[in-house]
Amino acid sequence: SNPAAEPSSAEARDVLRFFLESFTDPQLTRGAPVARAPSMVTLTPMYKEEVTYSVDDLRTTIDGESVSTLRFIISMMPHEWSAMLQRTKIRLPQQDYDGLLDELSSNRAEDHKTLGEICRWASGRSQTLMRTVRGMASYADATRVLARLEGVPESDIEPLVAAKYNHLVCAQVYGSEGNQEKDDQMDELLMTFPHMSIVTAHFEDEDESTIPEHGIARPEGVRWYMTHRRAAFDARGAPVGIVSSHRIRLPGHAIVGEGKPENQNLGMALATGMYVQTIDMNQDAHLAEALKLRNVLAQFVGNTRLVGFPEQMITDRSGSVASFAALSEQVFGTIVQRFMAKPLNVRFHYGHPDVWDLTWVRGNGGVSKASKQLHLSEDIFGGMNLMLRGGRVKYLGFKMVGKAREVSFDGTNQFNFKISSGNGMQLISRSSKE
């Protein structure tokens, strides 16, 4: 029996425990009413990572293991899989997961629906863009909840949500050759989450016969464009397709320096709102924490231009290597940064999940620097730039978001190699000596 209705999921218990404990934090101040709360955009760069899992992805074996992706995810989260079976009324007496996928891969509409639900279940518990977008959608859900509690008319709620929050994904390879499956998955996300949009760069071959310039035919060449895409909806709110709202010509190739910061800088031109949150594509968020977003934005007073807060590791139960990586991240991302913020006052910017003053950062060099090789740890230079220009950084303890880390030895080794190389590049940079 469970008279207290305690969640069986360890992650859910962690979220609930942190939510209740955060109310005792002295930094938690009253936020503005939802109608007067400032607006925010979440900025997520993406390269070739997974968007959602397909049936073939779930059949694929894990590197170095003899188990499928689906079996591995189930072994890490048996309680959630039991709830999934109970919800879909699937019987699986022999634990034949591959056979289950084959059985559901029929033309029956009911089986197709169940198969899609299994794919979404697995995607929502892995390092996929779908999990990140779904998690960040809790900001929009929190706005709806708070608006109803504060008596906002029902007809004004959706326009209010659209004005207060949007999620901009900088999809670097969207529309490129060989990326059709992920493009379709991205389009499905756009039609599922109305507040989401994507920014992408592409080139077009143009010849001298079609592109005259000042009366003089240009030689044949390539021009780069930045495109902003979002889903279009009819009067009833049903999606009708993907439309391009902006098309801006770029002076040259979109990616000149390091990939991630260049991708972020590309999206900054179309980011809207008063504040911008930098989020990676392997993160998560929950409604309980999204309800405190306006309390975070209330911390921007005086010269405060950047507000940071801790992360909850969502891959700490995915094996011994993942547990070690999660613990090391917990030490640096929470304990060390809290001490660096106070009393040392030397905490800079370390990427996700910090929130920037968008108006300030647009006129002062962006959220990161992107020079090839030199700015390998691109985020720290955004923090250095902020401090050199008189800005102030705050670190809060009453809010958090989810963050995934590497779960394999090779992945953890490569990440540590990048961090150590980035530290070396910082020492020879001009920013660290100014």
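Quick caveat, the model's predicted, so the values are computed rather than measured. Within each chain, residue numbers correspond to sequence positions counted from 1 in written order. Side-chain atom pairs in this predicted model are given and counted only at pLDDT of 80 or more, local residue features only at pLDDT of at least 70, and totals for whole chains, interfaces and linings cover all residues. Excluded from the side-chain calculations are hydrogens and water; all other atoms, namely the structure's heavy atoms, are used.

## Quick notes on the environment of P159
Strands here mean DSSP runs of E at least two residues long; helices mean DSSP runs of H or I at least four residues long; both are numbered from the N terminus. Tracing the chain through its elements places P159 in helix α8 (residues 154–164). Remark: exposure states derive from per-residue accessible area (1.4 Å probe, protein chains only) relative to the maximum for the residue type, with buried under 20%, exposed over 50%, and partly exposed in between. For P159, a relative accessible area of 51% gives the class exposed. Between the alpha carbons of P159 and A269 there is a distance of 23 Å; along the sequence they are 110 residues apart.

## A short note on helix α1 (residues 10–21)
The terminal C-alpha atoms of α1, which comprises twelve residues, lie 16 Å apart, in line with the 16 Å expected from a rise of 1.5 Å per residue. For α1, every residue scored as buried is listed here: A10, E11, V15, F18 and F19. The contact rule is simple, with two residues in contact once any of their heavy atoms fall within 4.5 Å. Buried residues along α1 sit in contact with α7 (129–149), β9 (283–284), α11 (287–290) and β11 (311–313). By this rule, a helix spans an expected 1.5 Å times one less than how many residues it contains.

## Let's talk about the confidence of the model for the protein chain
Across the protein chain, pLDDT averages 86, with 95% of residues at or above 70. Segment residues 208–219 is flagged for pLDDT under 50; beyond a separation of four residues in sequence, or across chains, it makes 14 contacts in the model. Across the chain, each position has a pLDDT score giving the predictor's confidence in that residue, from 0 to 100.

## Section: a nonpolar patch on the surface
Note that patches include only residues with greater than 30% relative accessible area and no salt bridge, and the join distances are 9 Å for like charges and 5 Å for nonpolar side chains (Val, Leu, Ile, Met, Phe, Trp, Tyr). All accessibility values rest on the Shrake-Rupley procedure with a 1.4 Å probe; residue burial counts only the protein chains present in the view. Here, a salt bridge means any Lys or Arg side-chain nitrogen found within 4 Å of an Asp or Glu carboxyl oxygen. A surface patch of nonpolar side chains, about 300 Å² in accessible area, is lined by L16, L20 and F23. Here F23 lies in the loop between α1 and β1 (40–46). The exposure class assigned to F23 is partly exposed, which follows from its relative accessible area of 48%.

## What about the packing of aromatic side chains?
Ring geometry is summarised as follows: Phe, Tyr and Trp rings, the Trp one being its six-membered ring, pair when their centres sit within 6.5 Å, and such pairs are stacked at plane angles under 30 degrees, edge-to-face over 60 and tilted between the two. Tallied over the full model, the rule gives five aromatic pairs. Seen in terms of ring centroids, Y139 and Y165 are 5.3 Å apart; in terms of plane orientation they differ by 70 degrees. Their pairing is edge-to-face. On the criterion of sequence distance, the pair formed by Y139 in helix α7 and Y165 in strand β2 (residues 165–171) is long-range, its members being 26 residues apart. Note on Y139: relative accessible area 2%, which makes it buried.

## Things to note about the pattern of salt bridges
One side chain can pair with another of opposite charge once the charged atoms of both are near each other. This structure, assessed with the given rule, holds 21 salt bridges. A salt bridge links K260 to D280; its shortest N-O distance comes to 3.1 Å. With K260 in helix α10 (residues 259–268) and D280 in the loop between β8 (275–278) and β9, this residue pair connects regions lying 20 residues apart in the sequence. Here R405 and E329 are joined by a salt bridge, their closest N and O atoms 3.2 Å apart. Taken together, the residues R405 in the loop between β14 (401–403) and α16 (409–427) and E329 in helix α13 (residues 320–341) connect sequence positions 76 residues apart. Judged by relative accessible area, R405 falls into the buried class, the value being 10%. The exposure class assigned to E329 is buried, which follows from its relative accessible area of 12%. What you see here is one network of salt bridges that share partners, running through K260, D280, E378, D379 and K403.

## Brief notes about the sheet that holds β9
Pairs of strands are assigned from DSSP output, requiring at least two bridges between the strands. Pairing is mixed across the open sheet formed by three strands, whose spatial order is β9-β14-β11. This sheet does not close on itself; its edge strands, each paired only once, are β9 and β11.

## Side note on empty space enclosed by the protein
Put plainly, a pocket is an open set of points on a 1 Å grid over the protein atoms alone with protein on both sides within 12 Å along at least five of seven lines, a cavity is a set where a 1.4 Å probe fits but cannot get out, and a lining residue has an atom within 4 Å of a point. Grid points are joined across faces, edges and corners, and a volume is the space filled by probe spheres set on the points. The full count for this structure, using the stated rule, is two cavities of 30 Å³ or more. Roughly 180 Å³ of volume is contained in the largest cavity. Lining the largest cavity are 15 residues, and of these A37, P38, T143, L293 and R294 lie nearest its centre. Considering each element in turn, the lining of the largest cavity owes the most residues, four residues, to α7. In this count, Pro and Cys sit with the nonpolar residues alongside Ala, Val, Leu, Ile, Met, Phe, Trp and Tyr, while Asp, Glu, Lys and Arg are called charged and the others, Gly among them, polar. Tallied by class, residues from the lining of the largest cavity come to twelve nonpolar, one polar and two charged. In this model, the second largest cavity occupies a volume close to 60 Å³. Lining of the second largest cavity is provided by 13 residues; of these, M46, Y47, V173, N179 and M186 occupy positions nearest its centre.

## Some remarks on the packing of helix α4 (residues 78–88) against helix α6 (residues 109–123)
Closest axis-to-axis distance for the α4/α6 pair is 12 Å, and the angle between their directions is 160 degrees. With respect to their mutual orientation, α4 and α6 come out roughly antiparallel. For the pair α4 and α6, the sense of crossing is right-handed. Residues E80, W81, M84, R87 and T88 of α4 form the contact with α6, whose participating residues are T114, E117, I118 and W121. Each axis is a line fitted through C-alpha atoms, taken for helices only over the stretch in contact, and angles between the N-to-C directions span 0 to 180 degrees. For classification purposes, an angle smaller than 35 degrees is called roughly parallel, one larger than 145 roughly antiparallel, one from 65 to 115 roughly perpendicular, and anything else oblique. Should the near helix be turned anticlockwise from the far one by less than a right angle, the crossing is termed left-handed; should it be turned clockwise, right-handed.

## Brief notes about the nonpolar core
What is meant by a nonpolar core is a set of buried Ala, Val, Leu, Ile, Met, Phe, Trp, Tyr and Cys residues, joined one to another through side-chain atoms within 4.5 Å. Counting 27 residues, the largest nonpolar core has M40, Y139, L297 and V355 as its most contacted members. Among the secondary structure elements, those contributing two or more residues to this core are α7, α8 and α12 (293–297). A total of six residues in this core trace back to one element, the largest contributor, which is α7. If near-sequence neighbours (up to four positions away) are discounted, V355 is found in contact with M40, Y275, V276, Q277, L297, F300, R305, L306, V307 and F309. In terms of nonpolar packing, the next biggest core, distinct from the first, is built from 23 residues, W224, A254, M268 and V367 among them.

## Brief notes about unusual backbone geometry
Geometrically, the link from K342 to P343 is a cis peptide bond, its omega value of 20 degrees lying close to zero. Summarising the element assignment, P343 is placed in the loop between α13 and β12 (355–357).

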